[in-house]
Amino acid sequence: MPSENNISSNLSVIRDQIEDTRQNSNMSSEEVCLVAVSKTKPVEAVIEAYVAGQRVFGENKVQEAQVKFSDLGQKRDDIELHLIGPLQTNKVKEAVQTFDVIQTVDRPKLVKALSKEITKQDRHPKLFIQVNTGEEEQKAGVLPKDLSELLDLCEAEGLKVSGLMCIPPVEEEPSLHFSFLSELAKKNGLDSLSMGMSSDYELAVRFGATHVRVGSSIFGEREYSK
Ligand SMILES: *Cc1c(COP(=O)(O)O)cnc(C)c1O
């Protein structure tokens, strides 16, 4: 079991598993970026992972990330910070200031707000579109049928999209969603695929993930979810 006290060894186990899986799959990407999801965890945990060589982190809340990652001084300069939670348009300003990658672009209103703010700040986070592959009502993400229209809007607004992200429904076989997301990316000429979490990152790598988002297997269980 992953433990809070073993961030460094958890990381090395996961890195090895990712690399093994990558080498043994013919659909896998040439490189897989491990995004260490530090939501709800203290800055000390981030520092421990940093000392163990981890440079890419994910957070799901704008304000929590702002506070946590402002404490890191010089280390902040070589960290790549990803937003993996839903983004409200009233937080777009802070999100563009804080994140290097925004994985959760999912609707026209947000695309327009991001475009405006990115131009204003002249700061250009990488953008992923979150796709609601399970078409779940309560879940964020653009519906698959609306993806190409949203991509057209991004282009019209001058925003470059790097890839797609999904969170499969908990009760469904994730591989179906991973292969579907991979097809959608191919169809739309996008290179990056963010998929796979603690329970299924190896499966995601097998299906071509370029980014896996792993939290509890690195940092231990969270006290409350989200
Ligand atoms: C919390 C979270 C993760 C990490 O989940 P674990 O199961 O702890 O690895 C990944 N992606 C998103 C979008 C999350 O909110």
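Residues numbered from 1 in each chain as written. Predicted model: local features only at pLDDT ≥ 70, side-chain atom pairs only at ≥ 80, totals over all residues. Heavy atoms only, no water.

Visitor: Could you clarify how one ought to interpret the overall build of the protein in this entry?
Guide: Each helix and strand counted, the protein has nine helices and eight strands in total. Here the protein has a C-alpha radius of gyration of 17 Å; the compact-globule value for 226 residues is 17 Å, and the two agree. In terms of overall dimensions, the protein has a C-alpha envelope of 45 × 40 × 30 Å along the principal axes. Residues counted as buried form 53% of the 226 residues belonging to the protein. With 27 positive and 36 negative side-chain charges, the protein shows a separation of 5 Å between the mean positions of the two kinds. (Helix = DSSP H or I, 4+ residues; strand = E, 2+ residues; numbered from the N terminus. Rg over C-alpha atoms; globule rule 2.2 N^0.38 Å. Buried < 20%, exposed > 50% of the residue type's maximum accessible area, 1.4 Å probe, protein only. Lys, Arg positive; Asp, Glu negative; His and termini not counted. Charge placed at Lys NZ, Arg CZ, Asp CG, Glu CD.)

Visitor: Explain helix α3 (residues 62-70) here, please?
Guide: In an α-helix, one full turn covers 3.6 residues, which means residues spaced three or four apart are oriented alike. Where α3 is concerned, the buried positions are Val62, Ala65, Lys68 and Phe69. All buried residues of α3 fall inside an arc of 140° around its axis, so they share one side. Seen from the buried face of α3, the exposed residues on the opposite side, beyond 90 degrees, are Gln63, Val67 and Ser70. The inward-facing, buried residues of α3 abut α2 (43-51), β2 (56-59), β3 (80-83) and α4 (92-98). (Arc of directions from axis to C-beta. Contact = heavy atoms within 4.5 Å.)

Visitor: For this particular structure, what's the right way to read the site of the ligand?
Guide: All residues adjacent to the ligand are Val37, Lys39, Ile84, Met165, Ile167, Met197, Ser198, Arg213, Val214, Gly215, Ser216 and Arg222. One of the side-chain nitrogen or oxygen atoms of Lys39 is found 2.7 Å away from an oxygen atom of the ligand. Within the backbone of Ser216, one N or O atom sits 2.8 Å away from an oxygen atom of the ligand. Out of a free accessible area of 390 Å², the ligand has 89% covered by protein chains. Placement of the ligand is best described as lying within the largest pocket. Per-class residue counts for the shell around the ligand are six nonpolar, three polar and three charged. (Near = heavy atom within 4 Å. Polar contact = N/O pair within 3.5 Å; in protein donor to acceptor, adjacent residues only side chain to side chain. Areas by Shrake-Rupley, 256 points an atom, 1.4 Å probe, with all protein chains shown as cover. 1 Å grid on protein atoms, 1.4 Å probe; cavity = no way out; pocket = protein on both sides within 12 Å on 5 of 7 lines; lining within 4 Å. Sits in = over half its atoms within 2 Å of the grid points. Nonpolar A, V, L, I, M, F, W, Y, C, P; charged D, E, K, R; others polar.)

Visitor: Would you take a moment to explain the layout of surface pockets for this structure?
Guide: Which parts of space are left empty comes out when a probe the size of a water molecule is rolled across the atoms. Taken as a whole, the largest pocket holds about 820 Å³ of empty space. For the lining of the largest pocket, the residue count by class is eleven nonpolar, nine polar and eight charged. Here the second largest pocket defines a volume of roughly 310 Å³. What lines the second largest pocket is a set of 17 residues, among which Pro125, Leu159, Lys160, Val161 and Ser162 lie closest to the centre. (Points joined across faces, edges and corners; volume = space filled by probe spheres on them.)

Visitor: Would you explain α2 in this entry?
Guide: Of the positions making up α2, those classed as buried are Val43, Ala45, Val46, Ala49 and Tyr50. Mapping the buried residues of α2 onto a view down its axis gives an arc of 155°, with all of them on the same face. Exposed and oriented more than 90 degrees from the buried face of α2 are Glu44 and Val51. Of the residues trailing α2, Gly53 is marked for its positive phi of about 100°.

Visitor: Even after reading the chapter, I still don't get the packing of aromatic side chains, so can you show me in this structure?
Guide: Centre-to-centre distance and the angle between the planes together describe a pair of aromatic rings. Applying the stated rule across the entire model yields one aromatic pair. Of note, Arg55 hangs over the ring of Tyr50, and the distance from its end group to the ring centre comes to 3.6 Å. (Phe/Tyr/Trp six-rings, centres within 6.5 Å; stacked < 30°, edge-to-face > 60°. Lys NZ or Arg CZ within 6 Å of the ring centre and 35° of its normal.)

Visitor: Can you help me understand the environment of Leu181 in this one?
Guide: By the element assignment, Leu181 lies in helix α7 (residues 174-187). With 13 residues separating them in the primary sequence, Leu181 and Ser194 have C-alpha atoms 9.2 Å apart. Sequence-distant contacts of Leu181, that is, excluding residues within four places in its chain, are made with Val131, Thr133, Leu164, Met165, Cys166, Leu193, Ser194 and Met195.

Visitor: What should I look at first to understand the packing of helix α5 (residues 108-121) against helix α6 (residues 147-156) in this one?
Guide: Contact geometry for α5 and α6: axes closest at 10 Å, N-to-C directions at 15°. With respect to α6, the axis of α5 lies roughly parallel. In this structure, α5 crosses over α6, and the sense of that crossing is right-handed. Contact residues: α5 offers Pro108, Val111 and Lys112, while α6 offers Leu150, Leu153 and Cys154. (Axes fitted to C-alpha atoms, helices over the stretch in contact; angles between N-to-C directions. Parallel < 35°, antiparallel > 145°, perpendicular 65-115°, else oblique. Left-handed = near helix turned anticlockwise from the far one by under 90°.)

Honestly, it's all geometry; don't read function into it.
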